[in-house]
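Results of the structural survey
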Amino acid sequence: MISSGRAVSRSHRRIGLAIIGAGRVGRFRGALARRHPMVDWIGVCDIRPERAAEVGALVQADLVSEDWRELLARPEVTAVIIATDEHLHVEPALFAADRGLSMMIEKPLATRLEDSARVLAEIERTGTDAVVGYTQRFRRRWLSAKERVRTGALGEVTMVTSRTLMNRLVALDAYRRAGDRSTVSPMVVSGTHAMDIALWLLDGKMPMEVYARSVDSVLGPQVQGIDGTAGLITFADGAVCQFGMSWALPVAWPAAVYSLDVAILGTSGVLTIDDTHRDIVLATDDPQTEGYAPDKRRLVDFLGSYPPGDMAFGELWGPMREETLGWFDRISLGVATPHATAAEAHRCLMMTKAFDRAAQLGRPVAFPIDATG
């Protein structure tokens, strides 16, 4: 189903854009905003003044600030991109919803389930059009898979299997940046992308129970972290989703970030998607620089495994570009898009938390879970 959030006016709407967070994602999306014909005004905010100034100069910002409240209170602002660290999404999102600003919030909606519920409730109370940055939805293979499922090519979907493999650089970076390491897990931070795809393909089915187990042999001793989690979701109609992910593979594992393998089985068809990126392999004498945390030990790379896309001729090409431009069209022209809604993002966070809780308890848990964790 193409998500449209609340009804948006079909008349053209000029955009005054606030970008909160001047890291990689803020830079990528801001560069696209600078040239979009419907964006009239841009403000950039980051708690690190040097980063705010750098991205502000890149996007030719009208305002650069260290205070997101100051930025979001500006009358020029009609839309906001929240691209801070994961645990810092909540307060800006609540403020923006209260002002009725269109939002793109990077995943996850929050790192604590109770905070995610608060944000979703405020978005729904105010009727705010808010989407969450599940960028994988804008890759052609997942759009094609969704369309085949949506139009019934497989019949009734009865099973989805999903396997995600990542080298440990993302995990180490996530644990380092976390305000509270207890809120960080492979499921919540990275497995959430694959989980969103799985739930998207199973759209309309009601999850009932989650069973899971985790291991911590590598990241446990290093950062008191979790290596990976595997489990099973059972749905009300008997469908099942077998899900597993590890973000503790050796640093030299060639995928810059994501390596995903999915199968969708239905009553009259099957669809398999090899998204491991092993079709384009680069090996050099010099370290690879792709990914969120480049490392000199990486001399081989699966090209195309960096989720936002690929840099070529000084530009980002790929799903994050399409996702961002699609969002500008959504809020300025009122077109329907496949962006994840806040409600879908909250459900995805709840599911990843359910996996973590089932693994911690060592028994199945009923879904939905309560928001105390």
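Quick note: structure is the one above.
Observations concerning the overall build of the chain
Of regular secondary structure, the chain possesses 11 helices and 18 strands. For the chain, the spread of C-alpha atoms along the principal axes amounts to about 50 × 50 × 40 Å. Across the 373 residues in the chain, those meeting the buried criterion constitute 56%. For the chain, the proportion of contacts with a sequence separation of at least 24, taken over those separated by at least 6, is 70%. For the chain, the exposed surface amounts to about 15,500 Å²; the carbon and sulfur share of it is 54%. In the chain, 42 positive and 46 negative side-chain charges are present, and the distance between their average locations comes to 1 Å.

A look at the packing of helix α5 (residues 113-126) against helix α11 (residues 342-361)
Between α5 and α11, whose axes approach to 10 Å, the crossing angle comes to 165 degrees. One finds that α5 runs roughly antiparallel with respect to α11. Here the hand of the crossing between α5 and α11 comes out left-handed. Counted together, Leu-113, Ser-116, Ala-117, Leu-120, Ile-123 and Glu-124 of α5 and Ala-342, Ala-343, His-346, Leu-349, Met-350 and Lys-353 of α11 form the full contact between these two elements. Considered class by class, the residues forming the contact of α5 with α11 number eight nonpolar, two polar and two charged.

Quick look at the sheet that holds strand β10 (residues 240-249)
Either a parallel or an antiparallel arrangement is found when strands of a sheet pair, and the pairing is made through backbone hydrogen bonds. One open sheet holds the seven strands; their spatial order is β12-β11-β7-β10-β9-β8-β18, and the pairing between them is mixed. For this open sheet the edge positions go to β12 (270-275) and β18 (365-366), each flanked by a neighbour on one side alone. Taken strand by strand, helix α6 (residues 140-150) contacts β7 (157-167), β11 (259-266) and β12, and its axis lies near 170 degrees from that of β12. Together, β8 (207-215), β9 (228-235), β10 and β18 form the strand contacts of α11, whose direction differs from that of β8 by roughly 60 degrees.

So, the pairing of strand β2 (residues 39-45)
Of all seven residues making up β2, six are buried, and the element is well covered by its neighbours. One ladder, built from six bridges, connects strand β1 (residues 15-20) with β2; its direction is parallel. Residue pairing across strands places Ile-15 opposite Val-39, the latter belonging to β2. With respect to chirality, the unit in which β1 leads through helix α1 (residues 24-35) into the neighbouring parallel β2 is right-handed. Relative to strand β3 (residues 63-65), β2 is paired through three bridges, and the arrangement is parallel. Within β3, the residue paired with Gly-43 across the bridge is Leu-63.

What to know about the pattern of salt bridges
Should the charged atoms of two oppositely charged side chains come close, the side chains can pair. The final tally for this structure, using the stated rule, is 29 salt bridges. With a shortest N-O distance of 2.7 Å, Asp-40 and Arg-14 are connected by a salt bridge. Of this pair, Asp-40 sits in strand β2 while Arg-14 sits in the segment before β1; the two residues are 26 residues apart in sequence, bridging distant segments of the chain. Judged by its relative accessible area of 48%, Asp-40 falls in the partly exposed class.

Brief notes about empty space enclosed by the protein
As enumerated under the stated definition, the model contains three cavities of 30 Å³ or more in all. Here the largest cavity defines a volume of roughly 90 Å³. Lining the largest cavity are 12 residues, and of these Glu-86, His-87, Ala-174, Ala-178 and Val-184 lie nearest its centre. Considering only enclosed or pocket space, the second largest cavity measures out at about 50 Å³ in volume. Lining the second largest cavity we find Arg-137, Asp-196, Leu-199, Trp-200, Asp-203, Glu-344, Arg-347 and Cys-348.

Let's talk about the pairing of β8
Looking down a regular strand, the side chains alternate between one sheet face and the other. Here β8 runs beside β9; their pairing, made up of eight bridges, is antiparallel. Pairing of Glu-209 across the sheet is with Thr-234, part of β9.

What about the packing of aromatic side chains?
In this description, a pair of aromatic rings is defined by centroid distance and the angle of the planes. Throughout the structure, instances matching the rule amount to five aromatic pairs. Geometrically, the ring pair formed by Trp-68 and Phe-95 is edge-to-face, given 5.6 Å between the ring centres and 85 degrees between the ring planes. Taken together, the positions of Trp-68 in helix α3 (residues 68-72) and Phe-95 in helix α4 (residues 90-99) put the pair 27 residues apart, joining distant regions of the chain. Residue classification places Trp-68 among the buried positions, given a relative accessible area of 15%. According to the relative accessible area criterion, Phe-95 is partly exposed, its value standing at 27%. The aromatic ring of Trp-317 is capped on one face by Arg-321, whose charged end is 4.2 Å from the ring centroid.

Basis of the calculations
Residues numbered from 1 in each chain as written. Predicted model: local features only at pLDDT ≥ 70, side-chain atom pairs only at ≥ 80, totals over all residues. Heavy atoms only, no water. Helix = DSSP H or I, 4+ residues; strand = E, 2+ residues; numbered from the N terminus. Buried < 20%, exposed > 50% of the residue type's maximum accessible area, 1.4 Å probe, protein only. Contact = heavy atoms within 4.5 Å. Areas by Shrake-Rupley, 256 points an atom, 1.4 Å probe, with all protein chains shown as cover. Lys, Arg positive; Asp, Glu negative; His and termini not counted. Charge placed at Lys NZ, Arg CZ, Asp CG, Glu CD. Axes fitted to C-alpha atoms, helices over the stretch in contact; angles between N-to-C directions. Parallel < 35°, antiparallel > 145°, perpendicular 65-115°, else oblique. Left-handed = near helix turned anticlockwise from the far one by under 90°. Nonpolar A, V, L, I, M, F, W, Y, C, P; charged D, E, K, R; others polar. Pairing = 2+ DSSP bridges. Right-handed = clockwise from strand over helix to strand, strands pointing away. Salt bridge = Lys/Arg side-chain N within 4 Å of Asp/Glu carboxyl O. 1 Å grid on protein atoms, 1.4 Å probe; cavity = no way out; pocket = protein on both sides within 12 Å on 5 of 7 lines; lining within 4 Å. Points joined across faces, edges and corners; volume = space filled by probe spheres on them. Phe/Tyr/Trp six-rings, centres within 6.5 Å; stacked < 30°, edge-to-face > 60°. Lys NZ or Arg CZ within 6 Å of the ring centre and 35° of its normal.

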